[in-house]
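# Tertiary structure, described
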Amino acid sequence: MKGNLAALMVMLGKAPQKPKQITPPAQAIHLQKRTKKITKAEIEFIKNELKAVEAGKYRKKWRNRRWVSIITINLLFTLSFWLDIQLFEGSIIASRVLGFHMADIYSALQVVLAYKIMLINLVIGTVTVFIIWLLLGGRAFCSWVCPYHLLAEIAETIHLKLAAKKWVTEHSFHRGVRTVFFIAFSLLAFGLGYSLFNSINPVGMISRALVYGPGIAMVWILILFLFEVFYSRRAWCRYVCPMGLTYGLTGALSPLQITYNLSSCHHETACHIVCEVPHVLECVKKGRAGNVEVDVGADCTLCGACVDVCPTSSLRFEIKGLSHIS
Ligand code: SF4
Ligand code: SF4
């Protein structure tokens, strides 16, 4: 299960550990791989493959599907407002979609903590969103809906190009700071009676700007964008955003997930290069899978980049208990 205790601890910031137990079939495969000789030609092939991936040259089928999804969903809010047809009202954070109330779970929690009120529409909206993302994979919200994700992907592409030319250096932080931010924003809301997070959340800012037009808030978005281009790629999503963590927890029991198959894997770890949260792909490293089939951890955003980049289809979308999706 992708939401087991070990996976949840990794999502909160703990470093991934070796599995405590390795099943006999997985042990047999590990042994077979350890004793198998790799030819020079195979090593060269893998090196070239990794270079191509680092340069962004790989199939982007799922990336393209996601971008269509993000743009379409966000534009539906814009069009609905401009055409005054009231099908998609509000923003990604708090909305009424086809008459159903929707509220982002962490943003709603901020309102409850800050104003000490429990509005019925907020409860209905939060429960609706919880059920949707429990079924659809939790952090799939990030990759398939969140407008900031698209911007962060563009910033990351620029960052990687500049880094390849040695014009910028990547700075990373401990992943656990996201959990600290989650708690700190919650305590601040409760203590101040005001939601600092909702005031600086780029997701809400971009979503509202797309509907009602840009304002001074875009300066903050620009600062984040430049920070991610020149200093630390994906910094907001990786180290700050409590929404991402909340959706991760929401999707911990989701049937929709990425599944890894040990037997077909070549362990060249191209997936680690393209993954926003490579700690969920620890099982892909040689000797690290505890079973032949492993569920990728709950912090996975179901972006599909690893599915696109894997030459042996060892990583696949799966609806648990039903089928693989291609
Ligand atoms: S982590 Fe936050 S900002 Fe990043 S994609 Fe997810 S919801 Fe959006
Ligand atoms: S594991 Fe795969 S699908 Fe999940 S976030 Fe990483 S690249 Fe995307």
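Residues numbered from 1 in each chain as written. Chains lettered and ligands numbered in written order. Predicted model: local features only at pLDDT ≥ 70, side-chain atom pairs only at ≥ 80, totals over all residues. Heavy atoms only, no water.

## Quick look at the site of ligand 1
- Taken together, Arg 139, Phe 141, Cys 142, Cys 146, Tyr 148, His 149, Val 203, Trp 236, Cys 237, Cys 241, Met 243 and Gly 244 make up the full set of residues near ligand 1.
- Broken down by secondary-structure element, the contributors of at least two residues to the shell around ligand 1 are helix H7 (140-144), helix H8 (147-164), helix H13 (235-240) and helix H14 (242-250).
- Of the residues contributing to the shell around ligand 1, the split by class is nine nonpolar, two polar and one charged. (Near = heavy atom within 4 Å. Helix = DSSP H or I, 4+ residues; strand = E, 2+ residues; numbered from the N terminus. Nonpolar A, V, L, I, M, F, W, Y, C, P; charged D, E, K, R; others polar.)

## Examining the environment of Leu 134
- Relative to the helices and strands, Leu 134 is located in helix H6 (residues 120-136).
- Residue class for Leu 134 comes out partly exposed when judged on its relative accessible area of 25%.
- Here the alpha-carbon distance between Leu 134 and Ala 252, two residues 118 residues apart in the chain, equals 7.6 Å.
- Discounting residues that sit within four places of it in the chain, Leu 134 has contacts with Thr 250, Leu 253, Ser 254 and Pro 255. (Buried < 20%, exposed > 50% of the residue type's maximum accessible area, 1.4 Å probe, protein only. Contact = heavy atoms within 4.5 Å.)

## Describing H14
- Of all nine residues that make up H14, eight are buried, and the element is covered over most of its length.
- The set of residues buried in H14 consists of Pro 242, Met 243, Gly 244, Leu 245, Thr 246, Tyr 247, Gly 248 and Thr 250.

## A short note on H6
- Taking 1.5 Å per residue as the helical rise, H6 with its 17 residues ought to reach 24 Å, and the 24 Å between its terminal C-alpha atoms agrees with that figure.
- Residues of H6 that are buried: Leu 122, Gly 125, Thr 126, Val 129 and Trp 133. Taken end-on, H6 shows its buried residues confined to a sector of 95 degrees, consistent with a single buried face.
- Where H6 is buried, its residues contact strand S3 (100-103), helix H5 (105-115), H7 and H14.
- Phi turns positive, to about 105 degrees, at Gly 137, one or two residues after H6. (Expected span 1.5 Å × (residues − 1). Arc of directions from axis to C-beta.)

Functional significance is not addressed by these values, which are geometric in nature.
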